[in-house]
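Read off the chains here:
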Amino acid sequence: MIVEGQKRLTFNYFYKMNSTDKIEKSIKEIAQIVFESAMDDTYGLLQGSGGSILFLAANYSLTGDEKFLEKSIELLEKNISSTTEILFPNDFSIAFPAVSACWIIDQFIRKDILDETELVNSRIVVNHLIDSISLDDLNLNRHDLFYGYLGKALIILENDIELSKVNIDPFISAIKRNAKMDTIGLYWNTPYPFYKSHQYENTINLGIPHGSLGIVLFLLKICSVYGRDSELETIIANHIKWLIEMLKKNKNELKHFYSIIPIGSGKLGWCYGDLAIAYTLLRYYEEFGDHESKAVAYELIEKSSFKSMEQAGVIYYQQYGYHDMCICHGTTSIAYMYKKMFLITKDQQLIEMANKWLNSTIENLNIYLPQIKSIAEKEKNNPLIDTSLGFLNGLSGIGLALISFVDPKLSDWDKLLLLDRPGRE
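Quick caveat, the model's predicted, so the values are computed rather than measured.

S.K.: Teacher, can you tell me more about the overall build of the protein chain here?
M.R.: When helices and strands are counted, the protein chain shows 17 helices and 4 strands. Pairs at least 24 apart in sequence give 69% of the contacts found in the protein chain among residues at least 6 apart. Accessible surface for the protein chain amounts to roughly 17700 Å². Of this, 51% is attributable to carbon and sulfur atoms.

S.K.: Would you mind showing me how to read the nonpolar core here?
M.R.: In summary, soluble globular proteins display a tendency toward joint burial of nonpolar side chains. Among the nonpolar cores identified, the biggest contains 135 residues, and Phe 218, Trp 270, Leu 281 and Tyr 338 are the most heavily contacted of them. With residues near it in sequence (within four places) discarded, Tyr 338 still touches Leu 268, Leu 275, Ile 301, Ser 304, Ser 305, Leu 350, Met 353, Ala 354 and Trp 357.

S.K.: Would you mind showing me how to read the confidence of the model for the protein chain here?
M.R.: Detailed reading of the predicted coordinates is not advisable wherever pLDDT is low. Across the protein chain, the average pLDDT comes to 84, with 85% of residues at 70 or higher. Between residues 5-11, whose pLDDT stays under 50, and residues either more than four places distant or in other chains, the model counts 21 contacts. In this model, residues 259-265 is a region of pLDDT below 50 whose contacts with residues beyond four sequence positions or in other chains number 14 contacts.

S.K.: I tried to follow the packing of helix H11 (residues 230-249) against helix H12 (residues 274-288) on my own but got confused; where do I start?
M.R.: In a packed pair of helices, the relevant descriptors are the angle between the two axes and the axis-to-axis distance. One way to put it is that H11 packs onto H12 with a least axis distance of 11 Å and a crossing angle of 135°. Taken together, the axes of H11 and H12 are oblique relative to one another. Judged by the twist between their axes, the crossing of H11 over H12 is left-handed. For the pair H11 and H12, contact is made by Glu 233, Ile 236, Ala 237, Ile 240, Leu 243, Ile 244 and Leu 247 and by Ile 277, Leu 281, Tyr 284 and Phe 288, respectively.

S.K.: I would appreciate a short explanation of the packing of helix H10 (residues 212-226) against H12 in the present structure.
M.R.: Put simply, H10 and H12 touch, their axes get as near as 10 Å, and they point 25° apart. Relative to H12, H10 is oriented roughly parallel. Classified by chirality, the crossing of H12 by H10 is left-handed. Only Ala 276, Ile 277, Tyr 279, Thr 280, Arg 283, Tyr 284, Glu 287 and Phe 288 of H12 make contact with H10, whose side of the interface consists of Leu 213, Val 216, Leu 217, Leu 220 and Ser 224. Grouping the constituent residues of the contact of H10 with H12 by class yields 9 nonpolar, 2 polar and 2 charged.

S.K.: Explain the environment of Asp 144 to me, please; I cannot follow it from the model alone.
M.R.: Relative to the assigned elements, Asp 144 resides in the loop between helix H7 (135-139) and helix H8 (149-159). Spatially, the C-alpha atom of Asp 144 lies 7.1 Å from that of Gly 211, the residues being 67 residues apart in sequence. Side-chain polar atoms of Asp 144 contact the backbone nitrogen of Tyr 147, separated by 2.9 Å.

S.K.: Honestly, the pattern of salt bridges in this entry has me stumped. Any pointers?
M.R.: If the charged atoms of two oppositely charged side chains come close together, the side chains can form a pair. Within the structure shown, the criterion is met by 17 salt bridges. Arg 283 is the partner of Glu 287 in a salt bridge, and the nearest nitrogen-oxygen pair spans 2.8 Å. Here Glu 287 and its partner Arg 283 are both found in helix H12, 4 residues apart, which amounts to about one turn of the helix. Each member of the pair, Glu 287 together with Arg 283, is buried. Across the salt bridge formed by Asp 407 and Lys 409, the nearest N and O atoms sit 3.2 Å from each other. Here Lys 409 falls in the exposed class, since its relative accessible area comes to 70%. Where salt bridges share partners, they join Arg 283, Glu 286, Glu 287, Arg 421 and Arg 424 into one cluster.

S.K.: It is not clear to me how the side chain of Ser 396 should be interpreted in this structure. Could you clarify?
M.R.: One can find Ser 396 in helix H17 (residues 395-406). For Ser 396, the side chain forms a polar contact with the main-chain oxygen of Gly 51, separated by 3.5 Å. Once you skip the residues sitting within four places of it in the chain, Ser 396 turns out to touch Gly 51, Ser 52, Phe 55, Leu 389, Gly 390 and Phe 391.

S.K.: What is the right way to look at the side chain of Thr 280 in this model?
M.R.: Assignment of secondary structure puts Thr 280 in helix H12. In this structure, Thr 280 is in contact with Leu 213, Val 216 and Leu 217, ignoring residues within four places of it in sequence.

S.K.: Would you mind showing me how to read unusual backbone geometry here?
M.R.: Glycine aside, negative phi is the norm for most residues, and most peptide bonds take the trans geometry. Positive phi, close to 65°, is recorded for Asp 112, a residue that is not glycine. Position of Asp 112 among the secondary structure elements: in the loop between helix H5 (97-110) and helix H6 (119-132). Here Asp 112 falls in the exposed class, since its relative accessible area comes to 69%. Residue Leu 418 is not a glycine yet carries a positive backbone phi of 60°. Checked against the element boundaries, Leu 418 lands in the segment after H17.

S.K.: So what exactly am I meant to see when it comes to the environment of Leu 268 here?
M.R.: When you line up the elements, Leu 268 lands in the loop between H11 and H12. Distance from Leu 268 to Ala 312, taken between C-alpha atoms, is 4.9 Å for residues 44 residues apart in sequence.

S.K.: What should I look at first to understand the packing of aromatic side chains in this one?
M.R.: Each aromatic ring pair is characterised by the separation of its centres together with the angle its planes make. Scanning the model with the defined rule gives 11 aromatic pairs in all. Look at Tyr 317 and Tyr 322: their rings are 5.0 Å apart centre to centre, the planes differ by 45°, and that puts the pair in the tilted class. An angle of 85° between the planes, with centres 6.5 Å apart, marks the rings of Tyr 336 and Phe 405 as edge-to-face. Of this pair, Tyr 336 sits in helix H14 (residues 331-345) while Phe 405 is found in helix H17, placing the two residues 69 residues apart along the sequence. Neither Tyr 336 nor Phe 405 differs from the other in exposure class; each is buried.

S.K.: When you look at the state of the cysteines in this model, what are you seeing that I'm missing?
M.R.: By definition, a disulfide links two cysteine residues through a covalent bond between their sulfur atoms. Per the counting criterion, the structure on display carries 0 disulfides. Left unpaired, Cys 328 is separated from the closest cysteine sulfur, that of Cys 271, by 4.0 Å. Relative accessible area serves as the criterion here: at 9%, Cys 328 is assigned to the buried category.

Cut-offs used in this document
- Residues numbered from 1 in each chain as written.
- Predicted model: local features only at pLDDT ≥ 70, side-chain atom pairs only at ≥ 80, totals over all residues.
- Heavy atoms only, no water.
- Helix = DSSP H or I, 4+ residues; strand = E, 2+ residues; numbered from the N terminus.
- Contact = heavy atoms within 4.5 Å.
- Areas by Shrake-Rupley, 256 points an atom, 1.4 Å probe, with all protein chains shown as cover.
- Core = buried A, V, L, I, M, F, W, Y, C linked by side-chain atoms within 4.5 Å.
- Buried < 20%, exposed > 50% of the residue type's maximum accessible area, 1.4 Å probe, protein only.
- pLDDT = per-residue confidence, 0-100.
- Axes fitted to C-alpha atoms, helices over the stretch in contact; angles between N-to-C directions.
- Parallel < 35°, antiparallel > 145°, perpendicular 65-115°, else oblique.
- Left-handed = near helix turned anticlockwise from the far one by under 90°.
- Nonpolar A, V, L, I, M, F, W, Y, C, P; charged D, E, K, R; others polar.
- Polar contact = N/O pair within 3.5 Å; in protein donor to acceptor, adjacent residues only side chain to side chain.
- Salt bridge = Lys/Arg side-chain N within 4 Å of Asp/Glu carboxyl O.
- Phe/Tyr/Trp six-rings, centres within 6.5 Å; stacked < 30°, edge-to-face > 60°.
- Disulfide = S-S within 2.5 Å.

Now the structure itself:
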């Protein structure tokens, strides 16, 4: 049983439980596959070669082997050249090539991989991104992280923190304007165009990428970067209040969509479910010292600790004998969420849970990697089996997470998932 306030340990405890040798072996195998792979003809950050660019650069930082850096830069140049094609306004979101290249350039400048003169390229994209923002984006509740204005705000913020505040204010105003109130507290409806059909139009999405948790994590980031704002603090507090009351009312069994539509409940992973809610509550506790949020987070964490692979919502590909390992909703995602919560609480059992799920990732990689080429060939037209090297659902995201377990300093990519803790890492 996980009890708040038990023995606190340093992150080094992890290494006593899980030898870095087997983690590094998996990283090496992934690196070889990514390095030798044919050029991905898509260049987005989430599903295209953007993930490979980030992973190869991180592996260079881990190993010092310059061939990985050279390959990373080669892919980045192809990503940049792909943005010369005609772009439409909707292309200026975090999922598309131009914005992907912009974000990577800004990260590489911070790492001294690229010279600051490259800022010219990313600034051009950011200016187009700002110009692409329409009133419909802001008025129709398009707060989606990947395809809406939260992702756009992250790109602007990363490009120039000092200058970005004036360009982020319209997004913050939209968040305030689109909030709804009931007798319990404050919430936001599922964003357009995520619901696509009117089936989800009046639902409440409780995920990070497409829902209210992402809004709260974004606003917590804004408060950390630009300083406390009483109005934002009130908005965050009122949604946390709503969330906690709903959890109590439903005995900690909130659905992914809080509505009459029964889509998922109590799953684990980054994208939605128990750990996404628990992490958001712990981040609120970390920033504002709200002990009720911490206590409710621990209730969710305790429930999660008893869940099987199936109950955690991890897909099993029976024909190939492995479970999904992706950073979005697979075993790696679950391990990483426990790790992030450990960094807030320093509680031993969270690192034990991270270790358990990381072991699952490594075991499944041992099954998956030897047959990856044959699976990719057989399933190339099957959208339900992702054999890509992409960041969100593919091999590069898994590799990045594994690298972060070996060297916690190489975790700055997780700001893409709204998992960074500005000023605390």
